[in-house]
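Okay, here's what each chain looks like letter by letter:
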Amino acid sequence: MKNNIKYIASILLGGLIGFSACTDSFESFNTNEAGFDNDSKKQDFNYYGIPLGIIQQGIYFNYDWGSGKNWPFQTMQNLGADLFSGYVHDFNPFNEGKNNSTYYMMDGWNGSTWDNTYGYIMPEVQKSETINEKDNIGFYGITKILKVELMHRLSDLYGPIVYTQFGSKTGSTPDTQPEAYKAFFNDLDEGIAKIREYQKANPEIESFAKFDILMPQGKRTFSEWIRFANSLRLRLAVRIAMADSKLALAEAQKSLTDKEGLLEGNDEVVAVSTASGYTNPFGEINIGWGEVFMNANMESLLVGYEDPRLEKYFNKAAGSDATSIINYKGTYKGIRQGTGFNHKNYNGHSKSTITQQSDAILMTSAEIWFLRAEAALRGWSSESVKDCYEKGVKASFTQWGAAGAEAYLESEKKPADYIDAFKAENNVKAVNTLTPKWDDAASNEDKLGRIITQKWLAMYPEGGEAWAEQRRTGYPKLFPVLVNQSEGTVDTGIGPRRLNFFVGIKTTNPEQYTQLVNALGGADNCGTRLWWDTGRNF
């Protein structure tokens, strides 16, 4: 990792005082109006829009609060969800190979998303709610949608979160995950209603367009935000399908029948735009620091399928000066998680193609087609499961400029075995068997497996959502780790189910820590399942 001093400081200080920055100081953050108290900023909506820019940057976190950019993201997502999802791996054996890769959970890493979200982004959410609720209901509606997008990601990492009572003068009491999800749906209701109220009163005004860095160029309209909200609702409804089927069905049908529709065009990709001056932190870690490599799970699926997106996602291996047992230079080569390696021989393996100027993807139309496929499979709509599935694959191919979607959808190729370039003991047989070609005669379980496997491939490189879906469904299957240093808290076969709460809260706010653990309903470790992670696939 770059700037190890920063990382060590983050880990050490985080464990001692980090959580106090996001828990004990809720109220002080919420009343800090620095930079937003000038009446002149109300001209051209700047007063109302500036906090929303910070929130948009803070979802796929690359907001600079004065300590630099990019490096927080590595611990917040790249060495957590991106790794656990099976997408990527770091070649650098930090802590002599004893780290998240082998389930020796690094508390400073795993707590950083919680710390930074509450320390810097949620205060801006509340600020935006306060200044827009009466004076600018269109921006207020967008704030509600952004709040759900920001905070469902946090809940899907940890479980219980401080949401409905954030910044409350009577104390920031946590919500259980079921409570948080119901609040998410309510906030989407309110957000959509407020935007429509604003549209009715101001039919010719798209006042948020100049502040919008998430919707695609040419589609920065209030209507597109409603389609995003509908799509987000469908994502969350499917997420809880096996935990609360009644609520899931109601919310899914609400999203599927809304007059504004869903994201479905190939150009409807919600991503943090780098044209705004934002730089993609994943790209900086990858290109600037050279620390993002293909995961062996990606190699197995993409290489086995002969997937045309392979060259769009990763570069061919450059090779290494170290002596290897196979000739892999010029091939696509990944790193198997959990081998506990303590060398840098993998530095010549395949690196990601994502650059600092790649827009940071949050949601794609491909994902929505796969959600629609699963909704139809569950009987929530009359759409063709096969048609939605194939539209999802085609949308992903178009998004990445990859040719051959039609041939791919007829392919019966299967994932490949993994062969380690340096140590035969790390070799492993392929754990997935499903092909890209749809099979109407297959069981619902296999149909779900196909949908989620292709969805997982299409959502790259957004590991947060990919890890959540892999945990929820078990697809695609991931290679088990060879070295498990979790001391029995994480099952080798299924991997981590969540991130632990930041250890600093135990000393800085023990009362709230107790509330969070009680709301979790299980031990505060990475092996405890979240509410929607029921342990069954269909």
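A.B. asks: Could you give me a rundown of the confidence of the model for the chain, with the residues and numbers involved?
C.D. replies: Interpretation of the predicted coordinates at a detailed level should be avoided for regions scoring low in pLDDT. When pLDDT is averaged along the chain, the result is 91; 92% of the residues meet or exceed 70. Across residues 3-38 the pLDDT falls below 50, and counting only partners more than four positions away or on other chains, this stretch makes 77 contacts in the model.

A.B. asks: Hey, could you go over the packing of aromatic side chains for me, with residue numbers and the actual values?
C.D. replies: With the rule as written, the count across this model stands at 39 aromatic pairs. A centroid spacing of 5.2 Å and a plane angle of 40° characterise the contact between F314 and Y460, whose relative ring orientation is tilted. On the criterion of sequence distance, the pair formed by F314 in the loop between helix 14 (310-313) and strand 4 (360-363) and Y460 in the loop between helix 18 (444-458) and helix 19 (463-473) is long-range, its members being 146 residues apart. Residue F314 shares its accessibility class with Y460, and that shared class is buried. Chaining the aromatic ring pairs together yields one cluster made of F45, F139, F208, F211, W225 and F228.

A.B. asks: Kindly report on the packing of helix 7 (residues 112-132) against helix 8 (residues 137-158), identifying the contributing residues and their values.
C.D. replies: Contact geometry of helix 7 with helix 8 gives a least axis separation of 9 Å together with a crossing angle of 160°. If you check the angle between helix 7 and helix 8, you find them roughly antiparallel. Crossing angle aside, the handedness with which helix 7 passes helix 8 is left-handed. Contacts from S112, T113, W114, T117, Y118, I121, M122, V125, S128, E129 and N132 in helix 7 reach I137, F139, Y140, T143, K144, K147, L150, M151, L154, L157 and Y158 in helix 8. Grouping the constituent residues of the contact of helix 7 with helix 8 by class yields 13 nonpolar, six polar and three charged.

A.B. asks: Help me get a handle on the pattern of salt bridges, residues and values and all.
C.D. replies: Under the criterion given, the structure shown has 41 salt bridges. The residue R153 makes a salt bridge to E462 at a minimum N-O spacing of 3.1 Å. With a gap of 309 residues between them, R153 in helix 8 and E462 in the loop between helix 18 and helix 19 connect regions that are remote in the sequence. The class of E462 is buried, set by a relative accessible area of 3%. A salt bridge links D189 to R233; the nearest nitrogen and oxygen atoms lie 2.8 Å apart. With a gap of 44 residues between them, D189 in helix 9 (residues 177-201) and R233 in helix 10 (residues 222-239) connect regions that are remote in the sequence. Classification of R233 as buried rests on a relative accessible area of 2%.

A.B. asks: Describe unusual backbone geometry, and please don't skip the residues or the numbers.
C.D. replies: Cis peptide bonds are those with omega within 30 degrees of zero, and the linkage from Y460 to P461 qualifies with 5°. As for its placement among the helices and strands, P461 is situated in the loop between helix 18 and helix 19.

A.B. asks: Tell me about the packing of helix 4 (residues 71-78) against helix 7, and name the residues and values.
C.D. replies: In contact at an axis separation of 8 Å, helix 4 and helix 7 are set at 120° when each is read in the N-to-C sense. Compared by their axis directions, helix 4 and helix 7 come out oblique. Counted together, P72, T75 and M76 of helix 4 and S112, T113 and N116 of helix 7 form the full contact between these two elements. Looking at the contact of helix 4 with helix 7 residue by residue, the classes come out as two nonpolar, four polar and no charged.

A.B. asks: Any details on the environment of V303? Residues and values, ideally.
C.D. replies: Position of V303 among the secondary structure elements: in helix 13 (residues 296-305). Sequence separation of V303 and W380 is 77 residues, and the distance between their C-alpha atoms is 34 Å.

A.B. asks: Describe helix 12 (residues 281-288), listing the residues and the values that go with them.
C.D. replies: For the α-helix, the turn length of 3.6 residues means that residues three or four positions removed from each other point alike. Counting buried positions along helix 12 gives six out of eight residues, so the element sits mostly inside the fold. Of the residues making up helix 12, those classed as buried are P281, F282, G283, E284, I285 and N286. Packing partners of the buried residues in helix 12 comprise helix 4, helix 5 (81-84) and strand 1 (88-89). The N-cap residue of helix 12 is N280: its side-chain oxygen and the backbone nitrogen of F282 are 2.9 Å apart.

Conventions and cut-offs
Residues numbered from 1 in each chain as written. Predicted model: local features only at pLDDT ≥ 70, side-chain atom pairs only at ≥ 80, totals over all residues. Heavy atoms only, no water. pLDDT = per-residue confidence, 0-100. Contact = heavy atoms within 4.5 Å. Phe/Tyr/Trp six-rings, centres within 6.5 Å; stacked < 30°, edge-to-face > 60°. Helix = DSSP H or I, 4+ residues; strand = E, 2+ residues; numbered from the N terminus. Buried < 20%, exposed > 50% of the residue type's maximum accessible area, 1.4 Å probe, protein only. Axes fitted to C-alpha atoms, helices over the stretch in contact; angles between N-to-C directions. Parallel < 35°, antiparallel > 145°, perpendicular 65-115°, else oblique. Left-handed = near helix turned anticlockwise from the far one by under 90°. Nonpolar A, V, L, I, M, F, W, Y, C, P; charged D, E, K, R; others polar. Salt bridge = Lys/Arg side-chain N within 4 Å of Asp/Glu carboxyl O. Polar contact = N/O pair within 3.5 Å; in protein donor to acceptor, adjacent residues only side chain to side chain.

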